[in-house]
Structure formats: C-alpha cells, structure tokens
Amino acid sequence: MNILMLGWEFPPLKTGGLGIHCYHVTKNLHAKNHHITFFIPRSSMDMHVDFVDIVQIPGCTLDPYVKMNSACNQVGENFAPGIDYFTESKKYADRVLEKASEKKFDVVHCHDWMTFEAGVKIKKKMKKPLVFTVHSTEFNRSGETYPNHKVYEIERKSMQEADAIIAVSNAVKDTLVNKYGIDHKKIRVIYNAVDHERFFKQQKNTMITCPTALFLGRLTIQKGAVFFLEAARKVAMKIPEAKFIIAGTGELFPELIQKSIDLGISKNVIFTGFVDDKLLAEVYKSADVYVMPSISEPFGITALEAMASKVPVIISKQSGVSEVITHCMKVDFWDTDKLADRMYGILKYASLKKTMACHGEFESRKFSWFDVAGQTEQVYARVLND
Amino acid sequence: MTSVCFYFQVHQPNRLRHYSFLDIGNSHNYFDDDANKFYLERVSRKCYIPANEKILDLIHKTDGQFKVAYSITGVFLELLEKEFPHVLQTFVDLVDTGCVEILNETYYHSLAYLVSKDEFKNQVKMQEKKIKSVFGVTPKVFRNTESMFSNEIAATVEQMGYKGIICEGLDNILTWRSPNFLYYCRGCSDMKVLLRNYRLSDDIGFRFSTPGWSEAPLTADKYALWLASSPGQTVNLFLDYETFGEHQWPETGIFEFLSHLPSEVLKNEHMEFNTPSELLKKYEAIGEFDVPYFASWADVDRDLSAWLENDMQKEAFERIKSLESKINQLGDKTILDDWRKLQTSDNFYYMCTKWFADGDIHKYFNHYDSPYDAFINYMNVLSDVEQRLAQKNDAHQIGELKTEV
C-alpha cells in the first residue's frame, strides 16, 4: 500500500515521542512492504533514510517544541517568538496539497495538529481516507490549565473530518471523546513502544558512584520537573550524597536552576542541558531511578526507555504509559512526599532496585514497534474497506 | 465408612498504614487501625456472621452430625475482641456445641519457624494460651501458617505435644498415593499427617463460580456424590473461611450449597463428618509422608516462593530475622509485639512479584499499588523499629552502667 504521511519532526530532528513514533512506524511499515512518502517542513538537517521517501516542504517553518540549539521552548499561549504558527500551518497545508497531487497514495496519515488541516484539504480534494494519530492534545501541552483556543479549534474541526483516529493511550482517547466530542467508534488506542535493544545493550556509566535519580524531558510545565526538585529536597535530607540529574531543556530552565538554589540543593542537582540522541542511552544508564512526574503525559516513551535500560521507574498516575505497565511505581505528580519516599526506597535498597530493574526490563520487551506498525496497518485496512 | 473433614482458616492481618521515610524516628504508630477495622467489618458482614450462623444452624439440624474445625489466628482474635466482640461470640457459640474443633497455629500467622525454632515455639504457646482463654479448649492438632510444612516442622510440633498436623496433599510427595489417608511423618514417633484433598477443596474454593467450568453450576447433591465416591479413609476439605461470602459472593449460591451439603452427604450410609482429632482416633496411618524441604499450600508452586522468592522479600526477611537476639535481650513488650506483627506472612505476600503482572488472588485484600510500594513501606517501618531498638539498648546499657557504679 502507498501511504502519504504528514509529520513535522523526524529523527535526528525531534523533540519528543512523535518523532520517535514516526521513525519506527515508517521503518516497520516499510518492512511490511508498504511504501511511505513522508512530508516534513524543510530544515537544514539531512533527513535521508532508506526506508521512507522524505519530502521536505519548503517555505514554511514548523517547529512547535524545542529548537535543537536553543534553551527556549515555548508552547501553548506562548509560542516561540517571531513565528506565527497559524499562518505557518496554513502555508504548510497549501504547499503540501500541491505536492500531494503529484504523488500516488491510498491513504493519508497525519501526526498532531500542525498537519491536521493539510490532511483535511488532501482528503477533500483527492478523496482519500484520512487517518490521524494524536500524540498529544492541546490539553496535554498546556498542562491541563490554559489551552490555546485556536489550536483546540483546529484539532476539533479536523478530527471530525478524519476517518479514523489513533490515540496513544486510553487517557488521550477519553480526552478526544469528552473534550472534543469525537465519536469513540472511530478511535483506536495504539500504545507506543521502545527500541529495546538500543537501550538494553548500553553499558553502565561507572563515572557516577553516588545514588542518582534522573529526570529527562522538556523543561515545560507539562513535564513536572518542579515536583522532581521538591521530592529531591526531601530525599537529600536523608541521603545527603544523592545526585539528581535534570536532563533536557526548555522554557523553565532558568526557573528550575533558581528553584534548586532556593531549595538549598544546588550541589545535589546536575543540569545537563539538551541531551543528544547519541548520549541518551548513556544518560539512562547513569541513573539508579528514573522519575517521570508529568502533570499530563499522553503516553511517555521515556518510561519504557528507562525500563529497557534496566533502570527502575516512578511515573505519575496521570501518564498514558501507566495504563499498560505494572513493574514500576505510580504516584500522583503533586504528591511529592510519596514521590520522595519511593525515590528514597530505590536509592536505599539494592534488592528493590534489582527486582524492579529485572522485571521492568522484561516487561518493556512487550512493547515492540513492529506490533505498533501492525496495528496501524489494521487501521489503514479498515478505512480503505469502509 | 468414609469421613468428610472440613477445616477453615480464619485470619486477617494487621495492615500497615502508609508509613513514609520521613516518619522514621518520628512516629511509632505503624498500623492502619481504620483500614483494619473497615476490612474486618466488611468480611464479618459478608462472611463470618452469615457463615457462622449457617454452620450453627446445620449442627443443630443434623443433631450434631455436621462437624467442622477452625484455626483462628491470635492477631485476628485480638482485633475481634477490640472491634467486634459480638462476632467473636458467634465463634465461641460454635465451639460450645462440641461439634467444632479449634486447631492451633502461630499467634501472628507468621513465618516464625523460619526466624528460629524458639521464636516459633513462643508464638505457638502464645496462641495456645489465647485459645484457652477465649474458647476454653486446648488444641491437639496443629496447622502452620499457610500450611508450611517439613519433616523438621512436624517433629518440632510433635515435641510440643501435638498428635496431628495439617499439610497440603502434595503431588510430588504423594506421587501415586492418595491424600485421602492418614500418613506417618518421617522423623516423628506417632504424629499423623492430615492431607488436604486440593482438587475437591479447590472445587469449592476456586472453581465454584468460575465461568465456563465444565461442572458449573456445582450443586450440593453433585458434590456429595463426588465425596461419596471418593476412595480412602477421609476427604479433607481445607479452605480459607472467607470462601463463604467473600471469595465466592452470595450471588454465586455458595451459602445454598453449604446449607444443603450436610444432608446430601449424610444421605449416604457410609459417610460421616469428623473433626481432625476424631480422624486421628479413628484411623491408622497407612504410610510415610516425607517432606525434607519446606512446602506450603500457596499458589501452584506449593513452596515458600510466595513469601520468600525475590530479593526484596529476602532482604526484608533477613533484616527482621537478624533482630531476634537484640529484641529478646531488651525484653520490651511493645517492641516485641511490633516485631512479631512484622513477621506476619501477609507482609511478605504483598511483596511477591511472581504473579503480579497477571493480577490474581494476590491482588485480593492487597492495599498496595505494587509489590515495590509494599516493600518500601515495610522497610520504612522496620527501619523505625531498628532505630527504637538501638536507642532503647543504649539507654538500657547506660542504666546498667549506672547501677554498677
């Protein structure tokens, strides 16, 4: 089958789960003998891979999360300065439509709101079935506080046009049904996966010898790094030599540095800044516990990456991944007493760390991208039959 | 004649409250009294009260031909005395009929035998005393926590004056032999082993309401026929008492099943109900039962792996075990009681990772989100006990020094 896919990030240019998902799903669809054309806004990066035909669309700038070399990552109400995202996404839609009419394909598949309008235009003009994958909604990106109404409206209108929607968790599906009024019958939940081997075979970093807890993610409200710091303070009272790594970058970077000083734990906290893809597996391996305290997390692939790395994980109950994993500990993101208690336990007791690491690693093998591609294939087959 | 022997295990643990690492050294209040009361009220309402009433009624209706046995843990009796004495009275009423036997076990439903023989004996004697004071009887048959068994345990129990001991009908020990006979235990002089017929027991305990089971619905007349056609001296049906009304809800018809079973069984001329002590008097042991390692009735593995398999369980148990001599030296009753409550097997069961991903009976009654949460909570409490112990020991030693001066 020929698939036209619309995305706005693809490794090495990526900021989160969407890029990872697109990479592995296209790779595995290719292995299943499908042909994928992937439209992406033009960037300076070389995007060549042998399993997907990447077409860079010129004349528009779409990059809603992080700029790779920038400490500034703004979403929701406050987009990166100087870029009008709505004009850009409309420009993108027009250019994509031109390009699409030159291509031969059976189904068009879009990833998240920036590409949704383009997808709807293609569907209307070329009469092809339209599939959306929702990796994140405006409610997630805004940390469930002040969603941007324009983005919400684009999401809502476009999703009503889609023939099928893939949600990365039941939590996302519920949001689509309850907040966007989407018919639950056209939504299919397909959980994300992990490239197990990449993380599993990474050697342990022996440089760091003290008990170490890791946070890894964009430094935005949504990811809840501030709760990690508050819990860190409580842990440090009992384990003064403990280290707390904050890996990633984003709009809250300066604020979090200040916070670590205010809490009196600046000597315990290590900020790594942006983590290069090459270093990612090593960063996980340097930790004794991985903490994902997201306020809102549609899925949370990092939890699976940490588990595959044999690192125990504590995740917020508000994450999509918490629906499907058992060998982890789950806390409410705001309950920093409990979070601290669980971090302390893992740092303190080798038996706990070992048991969680073993079972967690084993459990992470359940999540394969090949299966995700297979389930995606089923969605295509369904919309083509309808 | 073929006997039918019902024995029910009655126990509720003292659940630990959520005890944070920030509480270590600040609070010595470990138990969740509200939750314990809540669960006890629920299980009393759903199981103990209606089941006791039913059994008392059946004893009267059959003129004492229906007989059963219980073992009721000391910690459970304590909780009942404190919170629901009227429920305790229904158990006393049953024993007063003379048709109900009480078996002994460890007071704390604990892993005490694995701590030390001395500790085990202490908890068994405590339980003897408790039973004497509550029911006015002295037990003659012993049942260790979760039917943990070995030749060595049996010998220890015999030395304490017991005539019989309960064990799971272990296939790998019995091989071709039937659990429906009494056996000698290797290493004992004349103690007899009563073996659980797990197939027929589990038909009630597990399969009774299982959808799709080929024998569903299980009726009293059908089951009585299975019992009547069983070969051997006795069919030993050993169950968690909570089977009635809690594991098997009233909607499954479990109480109707119980109501009709005695009369269906007694329709057969060759059948009667006996208590464990009656079996010991009535039948000779026919062969040797030899268990050189620790076995139990738990899960499919029938070993100790539900409590002591993963590294967390082992670390927690080694820590609690290592405190024994210090605790005994100090002789502080409160610390001793806390320490013993921490030996309760349930604490270790909550940390089990074997079946965690599948989610099954281990989840039932388990108030923790995961085995990992259970471990952390337990270790926090244990750390506080250790800290108290160290402080008291220091104070103790200083006191001794002063006296010497």
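Residues numbered from 1 in each chain as written. Chains lettered and ligands numbered in written order. Predicted model: local features only at pLDDT ≥ 70, side-chain atom pairs only at ≥ 80, totals over all residues. Heavy atoms only, no water.

Draft legend 1. Representation of the domain arrangement of chain B. All names here are of chain B. For chain B, the assigned domains are domain 1 (2-289) and domain 2 (311-404). Between the C-alpha centres of domain 1 and domain 2 the distance comes to 27 Å. Taken residue by residue, the interface counts 40 residues in domain 1 and 30 residues in domain 2. Buried area between domain 1 and domain 2, both sides added, is near 2,900 Å², and the carbon and sulfur share of it is 57%. Counting only elements with at least two residues in the side of domain 1 that touches domain 2, the list comes to α1 (33-61), α4 (112-115) and α5 (117-135). Tallying contributions element by element places α5 first for the side of domain 1 that touches domain 2, with 4 residues. (Domains from an automatic or database assignment. Contact = heavy atoms within 4.5 Å. Buried area = accessible area lost by both parts, 1.4 Å probe. Helix = DSSP H or I, 4+ residues; strand = E, 2+ residues; numbered from the N terminus.)

Draft legend 2. Main features of the state of the cysteines. Summed over all chains, the structure comprises 0 disulfides over all chains. Just so you know, C99 of chain B is unpaired, no disulfide at all, and the nearest cysteine sulfur is the one on C5 of chain B, 13 Å from it. Relative accessible area serves as the criterion here: at 8%, C99 of chain B is assigned to the buried category. The thiol of C352 of chain B is not disulfide-bonded; the next cysteine sulfur, from C358 of chain A, is found 15 Å away. (Disulfide = S-S within 2.5 Å. Buried < 20%, exposed > 50% of the residue type's maximum accessible area, 1.4 Å probe, protein only.)

Draft legend 3. Molecular detail of the interface of chain B and chain A. Contact residues are listed per partner, giving 23 residues for chain B and 26 residues for chain A. The contact between chain B and chain A buries some 2,000 Å² in all, and 60% of this surface belongs to carbon and sulfur atoms. The largest contributions to the chain B side of the interface with chain A come from F21, Y372 and I376 of chain B, which together make up 34% of the buried area. At the junction of chain B with chain A, the criterion picks out 4 salt bridges. K354 of chain A is paired through a salt bridge with D311 of chain B; the nearest N and O atoms lie 2.8 Å apart. Taken together, chain B and chain A are joined by 9 residue pairs in polar contact (both at pLDDT 80 or more). Within the residue set of the side of chain B that touches chain A, elements represented by two or more residues are α12 (311-321) and α16 (371-404) of chain B. Per-element accounting of the side of chain B that touches chain A gives the leading share, 7 residues, to α16 of chain B. Here the side of chain B that touches chain A is built from residues that sort into 11 nonpolar, 7 polar and 5 charged. (Salt bridge = Lys/Arg side-chain N within 4 Å of Asp/Glu carboxyl O. Polar contact = N/O pair within 3.5 Å; in protein donor to acceptor, adjacent residues only side chain to side chain. Nonpolar A, V, L, I, M, F, W, Y, C, P; charged D, E, K, R; others polar.)

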